4 protein chains.
Amino acid sequence: MTARDVKKVVLAYSGGLDTSVILKWLQTTYGCEVVTFTADLGQGEELEPARRKAEQAGVREIFIEDLRETFVRDFVFPMFRANALYEGQYLLGTSIARPLIAQRQIEIAEMTGADAVAHGATGKGNDQVRFELAYYALKPDVKVIAPWRVWDLTSRTKLLAFAEAHQIPIAKDKRGEAPFSVDANLLHSSSEGKILEDPAVEPDESVFQRTISPEQAPDRPTVISIDFERGDPVAIDGTRMSPATLLTRLNALGRENGIGRLDLVENRFVGMKSRGVYETPGGTILLAAHRGIESITLDREAAHLKDQLMPRYAELIYNGFWFSPERRMLQALIDESQQSVTGQVRLKLYKGNVIVIGRESPHSLYSMKVVTFEEDEGAYDQVDAQGFIKLNALRLRLGAMAGRRGGTL
Amino acid sequence: MTARDVKKVVLAYSGGLDTSVILKWLQTTYGCEVVTFTADLGQGEELEPARRKAEQAGVREIFIEDLRETFVRDFVFPMFRANALYEGQYLLGTSIARPLIAQRQIEIAEMTGADAVAHGATGKGNDQVRFELAYYALKPDVKVIAPWRVWDLTSRTKLLAFAEAHQIPIAKDKRGEAPFSVDANLLHSSSEGKILEDPAVEPDESVFQRTISPEQAPDRPTVISIDFERGDPVAIDGTRMSPATLLTRLNALGRENGIGRLDLVENRFVGMKSRGVYETPGGTILLAAHRGIESITLDREAAHLKDQLMPRYAELIYNGFWFSPERRMLQALIDESQQSVTGQVRLKLYKGNVIVIGRESPHSLYSMKVVTFEEDEGAYDQVDAQGFIKLNALRLRLGAMAGRRGGTL
Amino acid sequence: MTARDVKKVVLAYSGGLDTSVILKWLQTTYGCEVVTFTADLGQGEELEPARRKAEQAGVREIFIEDLRETFVRDFVFPMFRANALYEGQYLLGTSIARPLIAQRQIEIAEMTGADAVAHGATGKGNDQVRFELAYYALKPDVKVIAPWRVWDLTSRTKLLAFAEAHQIPIAKDKRGEAPFSVDANLLHSSSEGKILEDPAVEPDESVFQRTISPEQAPDRPTVISIDFERGDPVAIDGTRMSPATLLTRLNALGRENGIGRLDLVENRFVGMKSRGVYETPGGTILLAAHRGIESITLDREAAHLKDQLMPRYAELIYNGFWFSPERRMLQALIDESQQSVTGQVRLKLYKGNVIVIGRESPHSLYSMKVVTFEEDEGAYDQVDAQGFIKLNALRLRLGAMAGRRGGTL
Amino acid sequence: MTARDVKKVVLAYSGGLDTSVILKWLQTTYGCEVVTFTADLGQGEELEPARRKAEQAGVREIFIEDLRETFVRDFVFPMFRANALYEGQYLLGTSIARPLIAQRQIEIAEMTGADAVAHGATGKGNDQVRFELAYYALKPDVKVIAPWRVWDLTSRTKLLAFAEAHQIPIAKDKRGEAPFSVDANLLHSSSEGKILEDPAVEPDESVFQRTISPEQAPDRPTVISIDFERGDPVAIDGTRMSPATLLTRLNALGRENGIGRLDLVENRFVGMKSRGVYETPGGTILLAAHRGIESITLDREAAHLKDQLMPRYAELIYNGFWFSPERRMLQALIDESQQSVTGQVRLKLYKGNVIVIGRESPHSLYSMKVVTFEEDEGAYDQVDAQGFIKLNALRLRLGAMAGRRGGTL
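Residues numbered from 1 in each chain as written. Chains lettered and ligands numbered in written order. Predicted model: local features only at pLDDT ≥ 70, side-chain atom pairs only at ≥ 80, totals over all residues. Heavy atoms only, no water.

**Re the overall build of chain A**
Looking only at helices and strands, chain A features 13 helices and 14 strands. Each principal axis of the C-alpha distribution contributes one length, and for chain A these read about 85 × 55 × 45 Å. Of all 409 residues assigned to chain A, the portion counted as buried reaches 67%. Expressed as a percentage of contacts within chain A between residues at least 6 apart in sequence, the contacts between residues at least 24 apart total 72%. Summed over its atoms, the accessible surface of chain A is roughly 13800 Å², and 48% of this surface lies on carbon and sulfur atoms. If the 50 positive side-chain charges of chain A are averaged to one point and the 56 negative ones to another, these points end up 3 Å apart. (Helix = DSSP H or I, 4+ residues; strand = E, 2+ residues; numbered from the N terminus. Buried < 20%, exposed > 50% of the residue type's maximum accessible area, 1.4 Å probe, protein only. Contact = heavy atoms within 4.5 Å. Areas by Shrake-Rupley, 256 points an atom, 1.4 Å probe, with all protein chains shown as cover. Lys, Arg positive; Asp, Glu negative; His and termini not counted. Charge placed at Lys NZ, Arg CZ, Asp CG, Glu CD.)

**Details of the packing of helix H9 (residues 243-256) of chain C against helix H10 (residues 281-297) of chain C**
Residue and element names in this part refer to chain C. At a closest axis distance of 6 Å, the pairing of H9 and H10 adopts a crossing angle of 100°. It follows that H9 is roughly perpendicular to H10 by the angle criterion. Within the contact between the two elements, H9 uses Leu247, Leu250, Asn251, Leu253, Gly254 and Arg255 and H10 uses Pro281, Gly282, Gly283, Ile285 and Leu286. The residue inventory of the contact of H9 with H10, partitioned by class, reads six nonpolar, four polar and one charged. (Axes fitted to C-alpha atoms, helices over the stretch in contact; angles between N-to-C directions. Parallel < 35°, antiparallel > 145°, perpendicular 65-115°, else oblique. Nonpolar A, V, L, I, M, F, W, Y, C, P; charged D, E, K, R; others polar.)

**A short note on the relation of the copies chain B and chain C**
When chain B is brought onto chain C, the operation consists of a screw motion whose angular component is 180° and whose axial shift is 0.0 Å, with 0.0 Å RMSD remaining. On this basis, the relationship between the two copies can be described by a two-fold rotation axis. Measuring from the rotation axis to each C-alpha of chain B, the shortest distance belongs to Phe388 of chain B, at 1.8 Å. (Least-squares fit on C-alpha atoms with pLDDT ≥ 70 in both.)

**Observations concerning unusual backbone geometry**
One non-glycine residue with positive phi stands out, namely Lys351 of chain B, at about 45°. In this fold, Lys351 of chain B is placed in the loop between strand S13 (343-350) and strand S14 (353-360). Of note, the phi angle at Leu92 of chain C is positive, near 65°, even though the residue is not glycine. As for its position among the elements, Leu92 of chain C is in the loop between helix H3 (68-81) and helix H4 (98-112).

**Section: the interface of chain B and chain C**
Taken residue by residue, the interface counts 30 residues in chain B and 30 residues in chain C. Here chain B packs against chain C, burying approximately 2700 Å² in sum over the two surfaces, 60% of which is carbon and sulfur. A per-residue breakdown of the area chain B buries against chain C is headed by Arg395, Arg404 and Leu409 of chain B, which together make up 26% of the total. At the junction of chain B and chain C, the tally comes to four salt bridges. Salt-bridge contacts for Asp299 of chain B lead to Arg395 of chain C; the nearest nitrogen and oxygen are separated by 2.8 Å. When residues of the side of chain B that touches chain C are traced back to their parent elements, those giving at least two are helix H10 (300-319), helix H11 (325-337) and helix H13 (383-401) of chain B. When residues of the side of chain B that touches chain C are assigned to their parent elements, the largest contribution, 12 residues, is made by H13 of chain B. For the side of chain B that touches chain C, a count of residues per class yields 11 nonpolar, 11 polar and eight charged. (Buried area = accessible area lost by both parts, 1.4 Å probe. Salt bridge = Lys/Arg side-chain N within 4 Å of Asp/Glu carboxyl O.)

**Considerations on the UniProt feature "domain: Arginosuccinate synthase-like N-terminal" (unreviewed entry) in chain A**
Under the feature "domain: Arginosuccinate synthase-like N-terminal" (unreviewed entry), the UniProt entry names residues 8-169 of chain A. Along residues 8-169 of chain A one finds 48% helix and 15% strand; the C-alpha atoms at either end are 24 Å apart. (UniProt positions renumbered as here; feature names shortened; annotations may be inferred.)

**Describing the relation of the copies chain A and chain B**
Superposing chain A onto chain B takes a rotation of 180° combined with a translation of 0.0 Å along the rotation axis, leaving an RMSD of 0.0 Å. Counting the interface residues of chain A, we find that 100% of their copies in chain B are interface residues as well, pointing to one common contact surface.

**Some remarks on the interface of chain A and chain B**
Every contact between the two is made by 108 residues of chain A and, on the other side, 108 residues of chain B. Note on chain A versus chain B: buried area summed over both sides is about 9700 Å², and carbon and sulfur give 57% of it. At the junction of chain A and chain B, the tally comes to 10 salt bridges. Among the salt bridges present, the one from Lys348 of chain A reaches Glu215 of chain B, with a minimum N-O distance of 3.3 Å. Linking chain A with chain B are 54 residue pairs in polar contact (both at pLDDT 80 or more). (Polar contact = N/O pair within 3.5 Å; in protein donor to acceptor, adjacent residues only side chain to side chain.)

**Section: helix H8 (residues 243-256) of chain B**
Residue and element names in this part refer to chain B. Between its first and last C-alpha atoms H8 spans 20 Å; for 14 residues at 1.5 Å apiece the expected length is 20 Å, and the two agree. All of the buried residues along H8 are Pro243, Ala244, Leu246, Leu247, Leu250, Asn251, Leu253 and Gly254. Packing partners of the buried residues in H8 comprise helix H3 (68-81), strand S8 (222-229), strand S9 (232-236), helix H9 (281-297) and S13. Residue Gly258 follows H8 closely and has a positive phi angle near 70°. (Expected span 1.5 Å × (residues − 1).)

**Some details on the pairing of strand S9 (residues 232-236) of chain D**
Residues and elements named next belong to chain D. Among the five residues of S9, five are classified as buried, and the element is accordingly described as predominantly covered. Linkage of strand S8 (residues 222-229) to S9, two consecutive antiparallel strands, is achieved through a turn of two residues, within which Arg230 is found at a positive phi near 50°. Of the pairings in the sheet, the one linking S9 to strand S10 (residues 239-240) comprises two bridges and is antiparallel in character. Bridge pairing in S10 places Ala235 opposite Arg240. The turn linking S9 back onto S10 is made up of two residues, and Asp237 within it adopts a positive phi angle of 45°. (Pairing = 2+ DSSP bridges.)

**So, the pattern of salt bridges**
Enumeration according to the criterion identifies 140 salt bridges over all chains in this entry. A salt bridge links Glu33 of chain A to Arg60 of chain A; its shortest N-O distance comes to 3.1 Å. Here Glu33 of chain A is found in strand S2 (residues 33-40), whereas its partner Arg60 of chain A is found in the loop between helix H2 (48-56) and strand S3 (62-66), with 27 residues between them in sequence. Judged by relative accessible area, Glu33 of chain A falls into the partly exposed class, the value being 24%. A salt bridge links Arg300 of chain D to Glu301 of chain D, with the shortest nitrogen-to-oxygen separation between them at 2.8 Å. This pair shows no difference in class: Arg300 of chain D is buried, exactly as Glu301 of chain D is. A cluster of three or more residues bridged by salt bridges with shared partners is formed by Arg98, Asp127, Arg130 and Asp183 of chain A.

**Quick notes on the UniProt feature "binding site: ATP" (unreviewed entry) in chain A**
All names here are of chain A. Per the UniProt record, "binding site: ATP" (unreviewed entry) is annotated on Ala12, Tyr13, Ser14, Gly15, Gly16, Leu17, Asp18, Thr19, Ser20, Ala39 and Gly120. By the element assignment, Ala39 lies in strand S2. Leaving out residues up to four positions away in the same chain, Ala39 has contacts with Leu47, Glu65 and Leu67. Every residue in contact with Gly120, bar those within four places of it in the chain, is listed here: Ile22 and Trp148.

**Digging into helix H3 (residues 68-81) of chain D**
Residues and elements named next belong to chain D. Its 14 residues place the ends of H3 18 Å apart at the C-alpha level, agreeing with the 20 Å of an ideal helix rising 1.5 Å per residue. If you check which residues of H3 are buried, you get Phe71, Val72, Phe75, Val76, Phe77, Pro78, Met79, Phe80 and Arg81. The secondary structure elements touched by the buried residues of H3 are helix H4 (98-112), S9, helix H9 (243-256), helix H10 (281-297), helix H11 (300-319) and helix H12 (325-337). Positive backbone phi, approximately 55°, marks Asn83, located one or two places after H3.

**Details of the pairing of strand S12 (residues 273-279) of chain B**
All names here are of chain B. By the criterion of burial, S12 is predominantly enclosed, with seven of the seven residues buried. Residues Lys273, Arg275, Val277 and Glu279 line one face of S12 and the alternating positions Ser274, Gly276 and Tyr278 line the opposite face, and both faces are buried. Relative to S12, strand S11 (residues 261-267) is paired through seven bridges, and the arrangement is antiparallel. Paired with Arg261 across the two strands is Glu279, which belongs to S12. What sits between the antiparallel neighbours S11 and S12 is a turn of five residues, in which Gly271 has the positive phi angle 115°.

**Focus: the side chain of Glu294 of chain A**
Relative to the assigned elements, Glu294 of chain A resides in helix H9 (residues 281-297). Setting aside its immediate chain neighbours within four residues, Glu294 of chain A contacts Arg81, Asn83, Lys306, Gln338 and Val341 of chain A together with Lys273 of chain B.

**Details of the sheet that holds strand S13 (residues 343-350) of chain C**
All names here are of chain C. The sheet built from five strands is open, its strands ordered S10-S9-S8-S13-S14 with antiparallel pairing. Edge strands, defined here as strands with exactly one partner in the open sheet, are strand S10 (239-240) and strand S14 (353-360). With seven bridges joining them, strand S8 (residues 222-229) and S13 adopt antiparallel strand pairing. Within the sheet, the bridge partner assigned to Asp227 lies in S13 and is Gln344.

**Quick notes on the environment of Lys8 of chain A**
Residues and elements named next belong to chain A. With respect to the element layout, Lys8 can be found in strand S1 (residues 8-12). Looking at Lys8, the relative accessible area reads 12%, which means it is buried. In this structure, the C-alpha to C-alpha distance between Lys8 and Leu246, residues 238 residues apart in sequence, is 38 Å. Non-local contacts of Lys8, meaning those with residues more than four positions away in its chain, are made with Cys32, Glu33, Val35, Glu61, Thr112, Gly113, Ala114, Asp115 and Ala116. Side chain to side chain, Lys8 and Glu61 meet in a polar contact 2.7 Å long.

Listed below in C-alpha cells is the structure:
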C-alpha cells in the first residue's frame, strides 16, 4: 500500500498525545483526509477535548459517540452469559471493547466514503489483531493502517519531536514516560508495561485506579441483590436499570469493597507472555452472581457443556474473533441455554470477596423435596441408585475381568 | 444377593454411630464376619476409639491406617496438576478421597479373603457411586453392600432404636438430630443437608469448622512463598515438606486468613441439585499458586488444552471415575504438561483473598526482552504482525466478500 | 408400581408377535385399558394387520399414523446437519427413530388420558433407555412399563406358551427362533444378536435385507446430483422432493449400488459392547453429499467446531438424549452454521462407493482466484505468510530457547 | 535478513527442476555454501540423480538418506493410533512427512554448522508453515529461506530462463507446465492445482498415479488379515514386517483394489480453501483395520475421548504443529490408550471398499456372555436398567416438572 492509495481514513481517536500524533502523521504521510471517531465506552475521560483537538488538526468529519449502552448490552452481557474467563482468570475487559470500536469505524467509513481505517495499537499486542480482524470481517476490501507497525517514530523522543514539529500540544505529564500503559472502559481498567514488566515484582498500590485495596475497604460487608432475566442482570436491590447504568453501579460497589483486582501473566495471541494488572470491579461481582443464578436454573448437562466450551469462547474473544462464524455459533448455543436463567441472587461484598449468600428463581430446578435428608415421600427411589451404579460400572467390571484392574488400559 | 451369599465383608468404618449401627446390622443380617477399615485421611478425629468399638463389636480383623501422605501425594496433587474445579468452583475435596478408601477396602478384602465390601453412604448422594465404581473397577466380582439403600432403618428414630437394642453406645450429642451432615479430610470439610437445604438462606457462621470468617481474620496480610517441582508443591517459605505436611501447613494458613469458603448449589451425578458448604483453605491457596507458576512456565497451547479438558476431568472425579481409562488418559496428558512447572510463587493471604504477587522459575517462558514496551533489539519484528493478521483474517474476508459480513454464516 | 396403579397404558405396538404378547400381558397383569400406537416410519411393513390384531385384542383406542415425513424432516435431517456418526461409523438409524415414537406415545397418552406407556424393548439394549428418557422428559409423572425387564416370559418357549394360552396367532415363521433380530425404518435396517454375536465371524449375505452386495451391484456407476438448501437436501437430479420422498429415492439408489453396509462392534450406553450389522443406503449417500456441500460453503472454523462437537452430539442421540437441553443447545449451534449450506453436489455411486465428483454453490467460499497456482492479481500476498509463520512459531521458539526443543514440555 | 547474513544453508533438495533452481539461486543470491538433503520417504523416485546434480552444482556436503522406516514408525503409526482424519476425510499424508524432513534438515544443520535452512514450498500452501514451524521449534535461532516467497522468479517462464542461464538441465517433460502439482511419499500421493482447481469438475483418470480405479479393480475380493500390537500393525496375513515394509505391502493391496482415493475441498491453515486429490491406499486400509481392532479392545469412554480429541489432533498435524507441546500432550493421552489394542482384524478389499469382516483379540472387552439375546446366567441383571434409566432421567423429569418439557431450556 503506497501513500497514494489512501483517500480517506477513519481513525480511532482518543484525543490523547499518541493518537493526535497519528492523526497528523496520517495527514502528512498519506496526504489524505482523516475522519476521527471518538467513543465513550465508559473510560472516564471527557470527549469534548477530542473534538476540539480534531478541529484544530483540520478534521472536517468528527464523530463522537456515547456507546456505553451498546457496549454493555450487545457485547459485555452476551459475553457474561458464557461466564467467560481467559486462562481461567481474566474477564476480557479490553478484548470485548475492540470489536465495537472497529464496527463503528467501519460503519463510519461506509457513511463517509472512507476507504481506510487506522488505530493506535502497537505491533506487539493483541489489540491490533482485534481491531483488524473486525475491520476485515466487516469490510473485506478496507485498507488498514497501523502506524505503530510502519512509521519510524519508534522511540518516545522521536514521537515528542514529531509532536513539537507539528504543533501538537503535549500535556505536561506526557513529557516524561508514563510508568505503565493503561486501557479503560466501563468493564475494566488494565495496566501493563514498563514498571510492571517483571512478573516477580508486586505491582505498586499506585497502579490501581479503579478500586481501593481490600485492606482499605470498609470493615463491614455490603449486601446486595441482583435480578437476572434470561441470563442478563436487570436490577440491583430491586431497582431496574439500563445495562450501562447497572454496570456503573456494580463498579461503584466493587470499587468501594476492594473487588476485582487481578495480577496476571497471560499468553498473547501474537505469541509471547505478558503481564497485566486488571481491575474489573463490577464484572467480578457480575460473574459470581451469574454463576449463582445459573446454579439453580440451569440443567446439569447444559451447565457442563457451557463450561467445556467456555475456554474456547473466551479464547476467541481474546484473540479478536468476535465477528466470526465460530463465535456466532457458540453464542447461539450459549444464548439457547439462558432462557430460564431468571431470578435473584444475593451477595455479600467484603474486602475483595464476593460471596453468594442466596439464590431464588421462579424457574429453579433445585428441589428440596428430592434432595432432602428427610423423608421425601417417594420423590426419589434410593433403590434406583443400585442399577445406576451397576450399569455405569459394567464396562469397568468387564475391563477388570479382562485383566485391566482399576481402569488401566 | 441373599444374606447367605456374603461370607466376609470389609466395612469402611469411622467408629461413629452410623457405621457402628451398620457394623452390627451387617453381622446380624448376613451372619457374616465383618472386617473394619478405618483410615486417617486428615479428618481430624482420633482413630483409637474406632478400634475399641470394633473390638467390642467382636471384630477380629481391624485395620487402622494413616493414609494422609498417600492421599495427598497420589490423589490430591495429581488432581491439582489439572487445576480441577467442578462446575467452575468446587475443589472436589470429598470426591477425591473416596477412591483411596475404596482402593484400600478392596486391598484388605484381597488380603483377608473377604468377598464383600460395605460403606455408609446414603442412596441419594454421590459417594455411593464413587465408592462402588472404584470397588467394581478394582475387583469386578466383589459383592457390594450399601446398607442405607436396603435396610429399613429409614428414620433417625429407628436407627437409635436399633442401636439401643444392640447395646451400641450413643454419644449424648448424637441423640438429637445433627443440624447438618459433615465430611472432612485433609483437603476439605463439607457441610450439607437439613438446615442448609434452602439455597436462598445464608449458612450460619456455626456451620464453618475449619476457617475463621474473613471478617474475623487478621487485619494484616500474611505473605508466603510456595515452591513447585514438576507441578507439585514441595516447600513453603523455603522449607521442604512432605505432601501431607505441606497441605496441613497451608490449611493452617488458610484457616487463619479466612480463606477457602464456598457456598454452592451443585449438580449431583445421581441427577438432582444439592447445596453444599465447603471449606478448602489449603486447597484454595494451592490452586492459586499452581495457576501462578503455570502462568510463566506453561506454553500457551498446553495451558489452553488443559483448560479445555479440565471440566471433563473434574466431572470424572466428581462422578467417581478415578479408576477409569478416561481419567488415566487425561492424567497422562496433564502429567506430560507439568515437566517444567517448577519455580516459586509468592502470595499474599488476606481476609479471604489469595493474591499472587510474584512468580519466578528457572524454566520461565516469560521473556521481558520480547514483551517489553522498550526497544527489544530485534527480538520481535512488529512487521510480522501484519502477515499474521492478514492470514488470520483471510477466511473472514473471503466470507465477507461472499456476502457474509462480520462473520455471519 | 403395583398392578393397581396403572389405569390406561399407551403401547408402542407393531402388530408382531412380541408386542401382541405384551398387549395381552398388559391387559391381564394390570387389568388396565391398553391404547395401541403403530407408526409408519418407513419400516416397510403394512400397518392394517396391526389394527386388526389390536381390535381382536379388544383395544378400543387404536392409533395408526404415517410419520415418515415428520421423521425425516424433524429428526433425520437435523441430525445429518451435524454429520453425526457414532464411534466414527454408525449413522444412528435406530437411535433417531426412538424419540419420535416416544413423543407420539406421550401425546397420545395426553389425548386419551392414559397414565402409562409401554414399549417392547429388551432390558439389555439402548432402546429402552431412548424410549424412557424421552417419556420422562416429556411427561415427568408418566408410569413406564418395560415388560421385558419385569415379566417372567424369559424364554422363547414361555413366550410362545403365553401366546397360545391367550389365542394370539403365531405366524409360522415365528415358531422357530429368528436367527437374528431386526429393526428398520426409513433411514436404516439393523440386524443383531444370535448368529451375529461372534464379531470374528463375517455376517452371512442373507443378513442383508436392504442393499444388494457391492459384488452384485451394476458394473457401471450411477451419477446423481443432490441440491441442498440451508443444510438440508431438497432435490435429486433437479427434482424437488419432500423429505421422506427424497430419502426413499436415495435408499433405492443406494440399494442398487451396494451402498451403506456396516458391520460394527459398538459400545452400548448400558455398558457392554455389541455387534450390529447396519444398512443405511440413502443415509450413506446423504452424509457424503452433505460433507461435499459443506466443503465449499462452510467457513473453516465453523466446520472444525462442528467436527469437534459432533462426537458428543452423536453420543447424545445414541444414548437417548434427543429431548435434552444439551442436545438442543448443540442443535442451535449446528443450525446456526447451516444458513449458507446451499448448492449442488454431484456424486458417483458405484459398488459400495459414494464418490463426490463436483460441488457448486451460490454461496461458495472457494475462491479460484486466491488459491490458484497461477498469478492471482494480488488476491493473496505471499509475503504475509512469513509474518503468519513467525508469530505462530514465536511461542515454540521461546520454548526452544528455554531448553524445550521441538515442543517438549 | 540480508544476503550477507547467511553462511551455510541446508536445502531440502529433491533433485527436480524447482529445487535445482533454488539451489543455484541460493548460491548466487546469498553467496553461501549450500548443503543438500534428499530423503527417501517412499516417494518412488531414485535418489542418485539428486546426488549427481548436487555434485554438478558444486555442493560439497550432500546428504541422501532412506528415512522410510523412521517415517512410518515414528510419524505415520503414532498418527494412526489417533485415527486422525482432517475435516473428517483426509489422512494427512503430506502433513505428516514435513516434520521429519524438517527435523533432519535441522540435525544436518547442527552437524554441518549451517545457520540456515531452505525449502521449496510455495507461499500459498500449508507446507511452508509445516516446515518452518518445525525448524523454529527445533532450532529457534535458525534462519529460514523460503525462496518462493522472496524471489522474483514468479512465473514459469522466468524460472526456466533462470535455469537455462545457469545451465540447469531441464527434463523434456518439464518444459511445459505440469497440468497439476504432485506430492508423494510412502503414505500417499496428492495432486492439486491447475486443471484440478475447479471443484465442480471431476478429476480426470490420468490424475491418479497410485491406485487403479474401482471400476478397473478385480471382480473378486481380496481377503487379508492384519495383526496389531499396542495400536500398531505388525503383520499382514500372519507375516511380521517392519513398519515401512508393511505399509508398502498395504499400498500394493490398496492399489490393486482401487482403494484410497479422495477428492476433497479442504481448508488450508493459511486461510483459503483448496482442492486436493489424494491417494492413500495402504493408509485407508490401515485406518479401517485400526478402528476394527479398537472396537473390541478399547473401553467405551477411552474410545469416545479419543474421538472427541481427534479433530484437534488432526488439525495440529495439518497445521504443522507436530513439534509442539499440545501435540505431545495429546499423543501421551492417545498412546496411553493403546496398551491393549492388540489382536487381529480380517478385511475384505473390493473395488474401493475396505470391509472389516472379523476381529479377535486376547484383550477383547467384547463379552458374548453379557451381550447375548440368550440366557446369560446372571452376567447382566436387566433390573439394573430401570435404576440406570430413572437416575439418568431425573434431571430431565425435574426440568419437565419446572415447565421445561422435552428438555427445553
